[in-house]
Amino acid sequence: MPVPVSQMWTVASYVLRQKLAGRKQYPLVLMLEPLFRCNLACAGCGKIQYPAHILKKDLTPEECFRAVEECGAPMVSIPGGEPLMHPQIGEIIEGLVARKKYIYLCTNALLLKEKIDLFKPSKYLTFSVHLDGQREEHDLAVCREGGYDIAVDAVREALKRGFRVTTNTTLFDGANPKSVRAFFDEMMELGVEGMMLSPGYSYDKAPDQKHFLGRAKTRRMFRAILSNRKKEWQFNLSPLFLEFLMGKRTYPCTPWGMPTYNIFGWQKPCYLLQDGYAETFAELLATTEWSNYGTESGNPACANCMVHSGYEASAVNATFSSLGGFLATVKGTLFPAYRDDEALRMLEEPQAAVHPLVQIAPTTESAEALQETRA
Ligand code: SF4
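A quick note: this is a predicted structure, and the numbers were derived from the prediction, not measured.

J.: So what exactly am I meant to see when it comes to the overall build of the protein here?
T.: When helices and strands are tallied, the protein shows 15 helices and 9 strands. When burial is assessed residue by residue, the protein has 57% of its 375 residues classed as buried. Within the protein, residue pairs in contact and separated by at least 24 positions form 76% of the contacts whose partners lie at least 6 positions apart. Taken as a whole, the protein presents about 16,300 Å² of accessible surface, with 55% of it coming from carbon and sulfur.

The structure is reproduced here in structure tokens:
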């Protein structure tokens, strides 16, 4: 089942209105982080290393609604931390649905079956389940044996109850393109609406610093994965962003397209970096030195970045900026095969064995918080 027409229309008409109004910097997706604590401690995560007093904090529903209204983006992505650990997540989602925002609630799904009665199926709500590949690869990435089976079981339950479900997958150096393609088959057979992909960002706070991808490696890996596509595969991403990952296009980063709001305020400049905070969205736009960011800026923190939160809004903007961009999007949607013999050959290259799973316990603070949430 593809993205509902009502969502496509809402997004397209919103972007066209921004263009007609002559706005150069406009938000497409609000990244709303209502908390940082999590019930996992993934090796590639840079979000859960805060001290205990920060991990215990939550945005209130009112703070969430104020940010959503201030920003005005038609879509809201709720990452974290693990949003299902927020004690008022049901209230937050209900308020966003009432505001007719298309919500992607990003979850590792460990608590999804337990909490699912907090939510009602709606075209506005999608569970975006974090799955980083097939069973072995996912459990390795999230440092939790059995994590894949719990998540897949929760996906089945959510689909059975009529919820929209997508997957979100972060790929690191050493990902096996053949296995990733087999994972796409598994997810489509499971019945998810679509899949989201992003290369991992090299957080300097993440425990595993060895497996982040440089730009050349990223393009090569995504070329192998996304060329010669099966017609069954559905992606909840702009076709031009997928072409960007495959190395067929270049875009500047447009971090204002997916601004981040969390307990500290509006984060400068993006979801990944923390170069200060603004109190309002208008202040974020006005006071961030945007020219200091993006690959072309020479900022070393941006040098290898190709992540979804920096570049998908750029790709969507390109669709609506020229007839060529629009036609390329239509072509990528209708004819997504991308035949490429060299990419087929790349699939046969020997791959490094998956390194053994290191089970990392959640931080004491997160574990305590999980107990509190369950109590
Ligand atoms: S290139 Fe990446 S790290 Fe740099 S501003 Fe853009 S999204 Fe943030």
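J.: Looking at this model, I keep getting lost on the site of the ligand. Mind explaining?
T.: Tyr 201, Cys 253, Cys 270, Leu 273, Tyr 293, Gly 294, Ala 301, Cys 302, Cys 305, Gly 310 and Tyr 311 make up every residue found near the ligand. Considered class by class, the residues forming the shell around the ligand number 9 nonpolar, 2 polar and no charged.

J.: Where do I start with the pairing of strand S2 (residues 75-78) in this structure?
T.: Across a regular strand the side chains alternate sides, sitting on one face of the sheet and then on the other. Across the two faces of S2 the burial is the same, with Met 75 and Ser 77 and Val 76 and Ile 78 all buried. Bridge count for S2 against strand S3 (residues 102-107) is 4 bridges, and the pairing is parallel. Within S3, the residue paired with Val 76 across the bridge is Ile 103. A crossover links S2 with its parallel partner S3, the connecting element being helix H4 (residues 89-98), and its sense is right-handed.

J.: Is there a simple way to explain helix H3 (residues 61-71) in this structure?
T.: Count 3.6 residues to each turn of an α-helix, and residues three or four apart come out pointing the same way. The set of residues buried in H3 consists of Pro 61, Cys 64, Phe 65, Ala 67, Val 68 and Cys 71. Down the axis, H3 shows its buried residues gathered within 160° of arc, on one side only. If you follow the buried residues of H3, they end up packed against strand S1 (29-32), S2, H4, strand S7 (260-262), strand S8 (265-267) and helix H11 (281-287). Remark: Gly 72 follows H3 within two positions and exhibits a positive phi of approximately 80°.

J.: Just checking my understanding: could you explain the side chain of His 86 for this structure?
T.: Among the structural elements, His 86 can be located in the loop between S2 and H4. Overall, the relative accessible area of 1% leaves His 86 in the buried class. One polar contact links the side chain of His 86 to the main-chain carbonyl oxygen of Leu 59, over a distance of 2.7 Å. A distance of 2.9 Å separates a polar side-chain atom of His 86 from the backbone nitrogen of Gln 88. Setting aside anything within four residues of it in sequence, one finds His 86 in contact with Pro 34, Leu 35, Asp 58, Leu 59 and Ile 92.

J.: What exactly am I supposed to notice about the sheet that holds strand S9 (residues 277-278) here?
T.: Either a parallel or an antiparallel arrangement is found when strands of a sheet pair, and the pairing is made through backbone hydrogen bonds. Judged by pairing direction, the sheet is mixed, and its 9 strands sit side by side in the order S6-S5-S4-S3-S2-S1-S7-S8-S9 without closing on themselves. Only two strands of the sheet have a single neighbouring strand rather than two, namely strand S6 (194-199) and S9. Sheet topology note: the S1/S2 ladder contains 3 bridges and is parallel. From the neighbouring strand, Met 31 faces S2, where its bridge partner is Ser 77. Packed onto the sheet, H4 meets S1, S2, S3 and strand S4 (125-130) and runs at close to 155° relative to S3.

J.: So what exactly am I meant to see when it comes to the side chain of Ser 77 here?
T.: Relative to the elements of secondary structure, Ser 77 occurs in strand S2. Apart from the residues lying within four places of it in its own chain, the contact partners of Ser 77 are Val 29, Leu 30, Met 31, Leu 32, Tyr 104 and Cys 106.

J.: Help me out: how do you make sense of helix H8 (residues 177-190) in this one?
T.: Given a rise of 1.5 Å per residue, 14 residues ought to cover 20 Å, and the 20 Å separating the end C-alpha atoms of H8 matches this to within 8%. Of the surrounding secondary structure, the elements contacted by the buried residues of H8 are helix H6 (135-141), helix H7 (147-160), strand S5 (164-171), S6, helix H9 (215-226) and helix H14 (341-347). Taking the backbone nitrogen of Lys 178 as reference, a side-chain oxygen 2.9 Å away marks Asn 176 as the first, capping residue of H8. A positive phi of about 105° marks Gly 191, the residue just after H8.

J.: So what exactly am I meant to see when it comes to unusual backbone geometry here?
T.: It is generally the case that most residues other than glycine have a negative phi and that most peptide bonds are trans. A cis amide bond links Lys 268 to the next residue, Pro 269, at an omega of -10°. Within the fold, Pro 269 resides in the loop between S8 and S9. Residue Tyr 338 is not a glycine yet carries a positive backbone phi of 50°. Among the structural elements, Tyr 338 can be located in the loop between helix H13 (323-334) and H14. Among the residues examined, Tyr 338 registers a relative accessible area of 15% and is labelled buried.

Conventions we followed
Residues numbered from 1 in each chain as written. Predicted model: local features only at pLDDT ≥ 70, side-chain atom pairs only at ≥ 80, totals over all residues. Heavy atoms only, no water. Helix = DSSP H or I, 4+ residues; strand = E, 2+ residues; numbered from the N terminus. Buried < 20%, exposed > 50% of the residue type's maximum accessible area, 1.4 Å probe, protein only. Contact = heavy atoms within 4.5 Å. Areas by Shrake-Rupley, 256 points an atom, 1.4 Å probe, with all protein chains shown as cover. Near = heavy atom within 4 Å. Nonpolar A, V, L, I, M, F, W, Y, C, P; charged D, E, K, R; others polar. Pairing = 2+ DSSP bridges. Right-handed = clockwise from strand over helix to strand, strands pointing away. Arc of directions from axis to C-beta. Polar contact = N/O pair within 3.5 Å; in protein donor to acceptor, adjacent residues only side chain to side chain. Axes fitted to C-alpha atoms, helices over the stretch in contact; angles between N-to-C directions. Expected span 1.5 Å × (residues − 1).

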